Amino acid sequence: WGLAGLIHDFDYERFPNEAQAADTEHPSEGVRHLRALGWPEDILQAVLGHALFTGVPRETRMARALFAVDELTGLITATALVRPSKSVNEVDARSVRKKMKDKAFARGVSREDIQLGAAELGVDLDEHIAFVIGAMQRNADQLGLAGVPTGPGTAPTP
């Protein structure tokens, strides 16, 4: 599952797929490459299924989980980065839900995908948001979201 999450967008910068074509560019190009390397089919199906436009159904829990966190982690990251501290540790589900309502905020994040992802997992949206925030908080340093010092007597980090 972790590998699926880490690699699902590896081809995005090279093949961004602005047209959202089902079988060219991202994520199809990346999956073709991974398939040639012998990657497991369940991971490849999850990668394809994380993009609605591919038409690939999310049949496994891993595929549904990848889809459910993909857009949400982007929204949580954006919510953290607009805070003075730039820390995910100051983000909660209420603040993310508030940002979800602001269509101009993180405009590229699909609110519909976030809602559909939680529904496909069979979990309450607020609980899902809180769960993902918690996971990101536990890994804030590795994600670059631990924040920056703020307040009197703190120096900016170089």
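It should be emphasised that the depicted structure is a prediction, and the values quoted were computed from it without experimental measurement.

(A) View of the side chain of D11. Tracing the chain through its elements places D11 in the loop between α1 (2-7) and α2 (28-36). Although D11 is buried, it makes no salt bridge; R32 carries the closest opposite charge, 7.9 Å away. Polar contacts involving the side chain of D11 include one to the main-chain amide nitrogen of G30, which spans 2.8 Å. Leave out the neighbours within four places in its chain, and D11 touches E25, H26, P27, S28, E29 and G30.

(B) Inspection of the packing of helix α5 (residues 93-101) against helix α7 (residues 125-138) at higher detail. Where α5 contacts α7, the axes come no closer than 9 Å and their chain directions differ by 115°. Comparing the axis directions of α5 and α7 gives the class roughly perpendicular. Note that α5 runs across α7; the crossing there is right-handed. In this structure, α5 uses A93, V96, R97 and M100 to contact α7, whose residues at the interface are L125, D126, I129, A130 and I133. Partitioned by chemical class, the residues of the contact of α5 with α7 number seven nonpolar, no polar and two charged.

(C) View of the packing of helix α4 (residues 61-81) against α7. The N-to-C vectors of α4 and α7 enclose an angle of 70°; their axes lie 10 Å apart at closest approach. It follows from the interaxial angle that α4 and α7 lie roughly perpendicular. In this structure, α4 meets α7 at a crossing whose hand is right-handed. Where α4 approaches α7, its residues A68, V69, L72, T73, I76 and T77 are matched on the opposing element by H128, I129, V132, I133 and M136.

(D) Representation of the nonpolar core within the structure. Counting 21 residues, the largest nonpolar core has I76, V88, V96 and I129 as its most contacted members. Mapped by element, the contributors of at least two residues to this core are α4, α5, α6 (111-121) and α7. Those residues in contact with V96 that sit more than four places away from it in its chain are L72, L75, I76, T79, V91, I129 and I133. Counting 13 residues, the second-largest nonpolar core is a separate cluster that includes I43, L44, V56 and L66.

Rules behind the numbers
- Residues numbered from 1 in each chain as written.
- Predicted model: local features only at pLDDT ≥ 70, side-chain atom pairs only at ≥ 80, totals over all residues.
- Heavy atoms only, no water.
- Helix = DSSP H or I, 4+ residues; strand = E, 2+ residues; numbered from the N terminus.
- Buried < 20%, exposed > 50% of the residue type's maximum accessible area, 1.4 Å probe, protein only.
- Lys, Arg positive; Asp, Glu negative; His and termini not counted.
- Salt bridge = Lys/Arg side-chain N within 4 Å of Asp/Glu carboxyl O.
- Polar contact = N/O pair within 3.5 Å; in protein donor to acceptor, adjacent residues only side chain to side chain.
- Contact = heavy atoms within 4.5 Å.
- Axes fitted to C-alpha atoms, helices over the stretch in contact; angles between N-to-C directions.
- Parallel < 35°, antiparallel > 145°, perpendicular 65-115°, else oblique.
- Left-handed = near helix turned anticlockwise from the far one by under 90°.
- Nonpolar A, V, L, I, M, F, W, Y, C, P; charged D, E, K, R; others polar.
- Core = buried A, V, L, I, M, F, W, Y, C linked by side-chain atoms within 4.5 Å.

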